[in-house]
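Listed below are the residues making up each chain.
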Amino acid sequence: MNQRILIIGKRGGILQWYEHLLAAQNQLPNHKIEGFALNHNHFFERANKTVSGLLNKKNKDKITAKALDKKLTAFHPTLVLIADLFYLSNEVISVLHKHKQTMKVVHWIGDFFDERLIRAREITDRYYFTDSGLLEDANAIGLTNSSYLPLAFNPDLFKPPEQEQRINDLLFIGAWSKNREELVRQVTLPMTVAGKGWDKIADTHHKVIGKNVSNKQVAKLYQQHACVLNIINSGNIKNGLNMRCFEAPACGAVLITDNVIDLANCYVDGTEVLTYENPESLASVYRMILDDDTKQKRIARAGSLKASDKHSYACRIEAIAKDTYGT
């Protein structure tokens, strides 16, 4: 059954979650996918919200709700997918409730949350969480209609390069955090470290790019490096995998990651990705993969195939549609 799917999200977010989901249309020709951005959908809406919000902050919610009502009426979706963590305003909830008889509503969440999430419970058919640890938190506040659904990658952007010439220094791209710095400072092998806040370690022997890099730059770096390091930010993840865990293998790089609980739900350790427990085991794993080119290529290929087959945003949308409609 073909579905008409409306993606509700935030335009221009750091993770580009909203944009990646919209791009899944390229892999899902049997579905019709459109988007509605809660922050703004075009320049005039943004300007209207800015001016009206100066008079009364509630005006922004009213403008958003009116625009959403118009979008739902024109597009007539069978499925609404809210991506990222949003505590919906009463005005937006009211609009979704108005159209609820003709559509299903699901919410896909990748962050810690609080009881404000309950406000939209009556119009939400299912909650999905990118971290299995968040299911316990959801159940604790009465959201028993919840499932685990990991993050994914956009194959239009993250894909193997045409030429397989790789750089052998370990690559990490991500925002600075205390636990990440502690690990990086203990890595003696050469690394490239990129992301906001990493100018803090300019005194190390590693190559440092202390600023945000665009998604296109991230993809290019993943295509250039043989191995990509993942260090979970312990401040915002319990058991889950971040986007790096899907984007790096999709580009044909070997992912070397913390052995978090949800890893086994997505990859086979030692076959499709590699894991480490501490700085010493990380050094051992990295030296091993550098010394065994055949194994390096075998793991990179297996990880890339798994990502392509199971972990694209198109796969996630298909899974949600199957859960919702059985097709």
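The structure under discussion appears in the preceding block.
Residues numbered from 1 in each chain as written. Predicted model: local features only at pLDDT ≥ 70, side-chain atom pairs only at ≥ 80, totals over all residues. Heavy atoms only, no water.

Chemist: So what's going on with the state of the cysteines? Residues and values would help.
Modeler: Under the counting rule described, the total for this entry stands at zero disulfides. With no disulfide of its own, Cys266 lies 8.2 Å from the sulfur of Cys245, the closest cysteine sulfur. With relative accessibility at 3%, the residue Cys266 sits in the buried group. In this structure Cys315 is a free cysteine whose sulfur lies 12 Å from that of Cys266, the closest cysteine sulfur available. (Disulfide = S-S within 2.5 Å. Buried < 20%, exposed > 50% of the residue type's maximum accessible area, 1.4 Å probe, protein only.)

Chemist: Any details on unusual backbone geometry? Residues and values, ideally.
Modeler: Positioned with a positive phi, His76 is a non-glycine residue whose angle comes to about 55°. A relative accessible area of 46% means that His76 is categorised as partly exposed.

Chemist: Can you break down the environment of Ile123 residue by residue, with the values?
Modeler: Following the sequence through the fold, Ile123 ends up in the loop between strand E4 (104-109) and strand E5 (126-129). You can call Ile123 buried: its relative accessible area is 2%. Sequence separation between Ile123 and Ser94 is 29 residues; the distance between their C-alpha atoms is 9.0 Å. Residues contacting Ile123, with those up to four places away along its chain left out, are Ile93, Leu96, His97, Lys100 and Val105. (Helix = DSSP H or I, 4+ residues; strand = E, 2+ residues; numbered from the N terminus. Contact = heavy atoms within 4.5 Å.)

Chemist: Explain the pairing of strand E7 (residues 170-173) to me, using residue names and the numbers behind them.
Modeler: By the alternation rule, side chains of E7 split into Leu170 and Phe172 and Leu171 and Ile173, which are all buried. Sheet analysis places E7 next to strand E8 (residues 191-194), joined by four bridges and oriented parallel. Considered in E8, the bridge of Leu171 is made with Thr192. For the crossover from E7 across helix H6 (residues 178-184) to E8, the handedness is right-handed. (Pairing = 2+ DSSP bridges. Right-handed = clockwise from strand over helix to strand, strands pointing away.)

Chemist: Just give me the short version of the side chain of Ser147, but keep the residues and values in it.
Modeler: Residue position: Ser147 is located in strand E6 (residues 146-148). In terms of polar contacts, Ser147 uses its side chain to reach the side chain of Arg126, at 2.8 Å. Contact partners of Ser147, with chain neighbours within four places excluded, come to Arg126, Tyr127, Tyr128, Phe129 and Leu135. (Polar contact = N/O pair within 3.5 Å; in protein donor to acceptor, adjacent residues only side chain to side chain.)

Chemist: Please set out the packing of helix H9 (residues 279-291) against helix H10 (residues 293-310) residue by residue, giving values where relevant.
Modeler: In helix packing, the relevant descriptors are the interaxial angle and the interaxial distance, both defined with respect to the helix axes. At a minimum axis separation of 5 Å, H9 and H10 run at an interaxial angle of 105°. One element, H9, and the other, H10, form an angle in the roughly perpendicular class. In contact with Met288, Ile289, Leu290 and Asp291 of H9, H10 contributes Asp293, Lys295, Gln296 and Ile299. (Axes fitted to C-alpha atoms, helices over the stretch in contact; angles between N-to-C directions. Parallel < 35°, antiparallel > 145°, perpendicular 65-115°, else oblique.)

Chemist: Hey, could you go over the packing of aromatic side chains for me, with residue numbers and the actual values?
Modeler: For the structure shown, the criterion picks out seven aromatic pairs. Both rings, one in Phe172 and one in Trp198, keep their centres 6.0 Å apart while their planes meet at 80°; by these two values the pair is edge-to-face. Within this pair, whereas Phe172 is found in strand E7, its partner Trp198 is found in the loop between E8 and strand E9 (207-209), the two being separated by 26 residues in sequence. Phe172 gets classed as buried once you look at its relative accessible area, which sits at 0%. Taken together, Trp17, Trp108 and Tyr313 form an aromatic cluster joined through their ring pairs. Directly above the ring of Phe75 sits Lys71, whose terminal nitrogen or CZ lies 5.7 Å from the centroid. (Phe/Tyr/Trp six-rings, centres within 6.5 Å; stacked < 30°, edge-to-face > 60°. Lys NZ or Arg CZ within 6 Å of the ring centre and 35° of its normal.)

Chemist: Tell me about the environment of Ile237, residues and numbers included.
Modeler: By secondary structure assignment, the location of Ile237 is in the loop between strand E10 (227-230) and helix H8 (244-250). With a relative accessible area of 17%, Ile237 lands in the buried category. Along the primary structure Ile237 and Asp111 are separated by 126 residues, whereas in three dimensions their C-alpha atoms are 7.6 Å apart. Leaving out residues up to four positions away in the same chain, Ile237 has contacts with Phe112, Asp131, Ile232 and Asn242.

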